[in-house]
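Analysis of the macromolecular model
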Amino acid sequence: MDRRTGGNRDANGGLAEATASRLRFDSDGEAAEGEESHMEVEEIPDAEGDEAAAEVIGDDKTSADYYFDSYSHFGIHEEMLKDVVRTKSYQNVITQNSFLFKDKIVLDVGAGTGILSLFCAKAGAKHVYAIECSQMADMAKEIVKANGYADVITVIKGKVEEIELPVPKVDVIISEWMGYFLLFENMLNTVLYARDKWLADDGVVLPDKASLHLTAIEDAEYKEDKIEFWNNVYGFDMSCIKKQAMMEPLVDTVDANQIVTNCQLLKTMDISKMTPGDASFTVPFKLVAERNDYIHALVAYFNVSFSKCHKLMGFSTGPRSKATHWKQTVLYLEDVLTICEGETLSGSMTVTPNKKNPRDIDIKLKYSLNGHRCQVSRTQYYKMR
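Residues numbered from 1 in each chain as written. Predicted model: local features only at pLDDT ≥ 70, side-chain atom pairs only at ≥ 80, totals over all residues. Heavy atoms only, no water.

Burial runs high along strand β6 (residues 209-217): 8 of the 9 residues are buried. The pairing of β6 with strand β8 (residues 264-270) spans 6 bridges and is classified as antiparallel. If you follow Leu-212 over to β8, its bridge partner there is Lys-267. The sheet contact formed by β6 and strand β10 (residues 293-306) spans 9 bridges and is antiparallel. Its bridge partner being in β10, Leu-214 is matched across the sheet by Ala-300. (Buried < 20%, exposed > 50% of the residue type's maximum accessible area, 1.4 Å probe, protein only. Helix = DSSP H or I, 4+ residues; strand = E, 2+ residues; numbered from the N terminus. Pairing = 2+ DSSP bridges.)

Here is the structure:
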């Protein structure tokens, strides 16, 4: 794995350079090549005095309300904008399919800096309503004005569930709602709420398809470093922490060479038709070994597609595709599985939003292997927090 950017979300973290623009799907459903893009950031002079400091967006915020407050910090928006797989994919969907946007009313859910709203306005949208709950909404208003779209884009600061639009219906809902593992800290329910409340009968949701996939990897070195480490810490037994470490999925970049089995589709979601309850599911899996090796972890990733475009467009966050800020999600197994080519690791995965905080995810993993050199059956639980 690429361990330079491992771990949980870092609002100020860097992103390894990724390249993509015009994405297509190959035979195994993953996105392919693209072109590189660079952004220039204008330096802002240092502000002086208490009065100037008070004008800094979100300067009075703490991390208490993590989800929305985290999006008040510039670093996380820089990371997402510089994720060219993400941003160029949306740009290409909009600019290459202007028939979806021209003279249409568009709703941008979770607008952030307003980049998707700007793309839509440039593509000829009649009007764009950009809803953003964090303090970044204030910056988005300035950005819209600075780029000459104040008459086309209206930035509304607030939660989708609490605001009212000045129009009864919209023609298009666009959102970049996906989280790690597709569903962790995502805005899916918010998008579905907006869809049910405002989308016209013949309207479109973009993207309209999302799918979760699973594979298995060899990862002895890093598991030893991150998990087995707790067995002996400077001569002391701290294995109680190991149990907790095993329950926390790792968000990191997986090297394609580590993949031991095939990649299997777990779940497909149709955003235009699904209900919030569809985000809870139990699905079976069968992963077949493509070589003799050891399995230390399962890896989940997601694909997103825009099927309403002139031709199918989308992108993948899989280990065989260009890197994104979503990376992949690694679930370490308690067992080291010795698997032979052609043998099957079978089981099921249950995914449910946490009851206390629906933006968190609880995962139940059942797996079994009845192989020539290894027989094992186990159930493990994971918590994405």
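Side chains three or four residues apart in an α-helix point the same way, a direct result of the helix having 3.6 residues per turn. With 12 residues, helix α4 (residues 84-95) should reach 16 Å at 1.5 Å per residue; the first-to-last C-alpha distance of 15 Å fits that figure. The buried fraction of α4 amounts to 10 of the 12 residues, a majority that puts the element mostly inside the structure. When α4 is considered as a whole, its buried residues turn out to be Val-84, Val-85, Arg-86, Thr-87, Lys-88, Ser-89, Tyr-90, Asn-92, Val-93 and Ile-94. Turning to α4, the residues buried within the fold contact α3 (74-82), α5 (115-122), β4 (170-175), β10 and β11 (313-316). (Expected span 1.5 Å × (residues − 1). Contact = heavy atoms within 4.5 Å.)

The sheet built from 4 strands is open, its strands ordered β9-β13-β14-β15 with antiparallel pairing. Whereas interior strands pair on both sides, the edge strands pair on one side only; in this sheet they are β9 (281-288) and β15 (375-384). On average, adjacent strands in this sheet sit at an angle of 15° to one another, irrespective of strand direction. With 8 bridges connecting them, β9 and strand β13 (residues 344-353) associate as antiparallel partners. Bridging from a neighbouring strand, Leu-287 pairs with Leu-345 of β13. (Axes fitted to C-alpha atoms, helices over the stretch in contact; angles between N-to-C directions.)

Looking now at the packing of aromatic side chains. Using the criterion set out here, one finds 4 aromatic pairs in the structure. A ring pair is formed by Phe-229 and Trp-230, whose centres lie 4.9 Å apart and whose planes are at 70°; its orientation type is edge-to-face. Take Phe-229: its relative accessible area is 37%, and that puts it in the partly exposed class. Ring centres 5.3 Å apart and planes at 75° place the aromatic pair Phe-302 and Trp-326 in the edge-to-face group. (Phe/Tyr/Trp six-rings, centres within 6.5 Å; stacked < 30°, edge-to-face > 60°.)

Relative to the assigned elements, Gly-318 resides in the loop between β11 and β12 (328-339). Residues Gly-318 and Leu-214, spaced 104 residues apart in sequence, show a C-alpha to C-alpha distance of 9.3 Å.

What follows is about the nonpolar core. With 97 residues, the main nonpolar core has Phe-101, Leu-107, Leu-165, Trp-177 and Leu-345 as its most contacted residues. Two domains each donate at least three residues to this core, and these are domain 1 (63-176) and domain 2 (209-384). Dropping the residues within four chain positions of it, Leu-345 is found in contact with Phe-285, Lys-286, Leu-287, Ile-295, Leu-298, Leu-337, Ile-339, Tyr-367, Ser-368 and Leu-369. Met-246, Leu-250, Ala-297 and Tyr-332 belong to the second largest nonpolar core, which has 12 residues in total. (Core = buried A, V, L, I, M, F, W, Y, C linked by side-chain atoms within 4.5 Å. Domains from an automatic or database assignment.)

Taken together, the 10 bridges between strand β14 (residues 361-370) and β15 define a ladder with antiparallel strand orientation. Pairing of Ile-363 across the sheet is with Tyr-382, part of β15. Where β14 hands over to β15, the hairpin turn is made up of 4 residues, counted between the paired strands.

The next subject is the packing of α4 against α5. For the pair α4 and α5, interaxial distance at closest approach is 9 Å and the crossing angle is 25°. Viewed along their axes, α4 and α5 adopt a mutual orientation that is roughly parallel. Between α4 and α5 lies a crossing whose hand is right-handed. On α5, the residues touching Thr-87, Tyr-90, Gln-91 and Ile-94 of α4 are Ile-115, Leu-116, Phe-119 and Cys-120. Taken together, the residues that form the contact of α4 with α5 break down as 6 nonpolar, 2 polar and no charged. (Parallel < 35°, antiparallel > 145°, perpendicular 65-115°, else oblique. Left-handed = near helix turned anticlockwise from the far one by under 90°. Nonpolar A, V, L, I, M, F, W, Y, C, P; charged D, E, K, R; others polar.)

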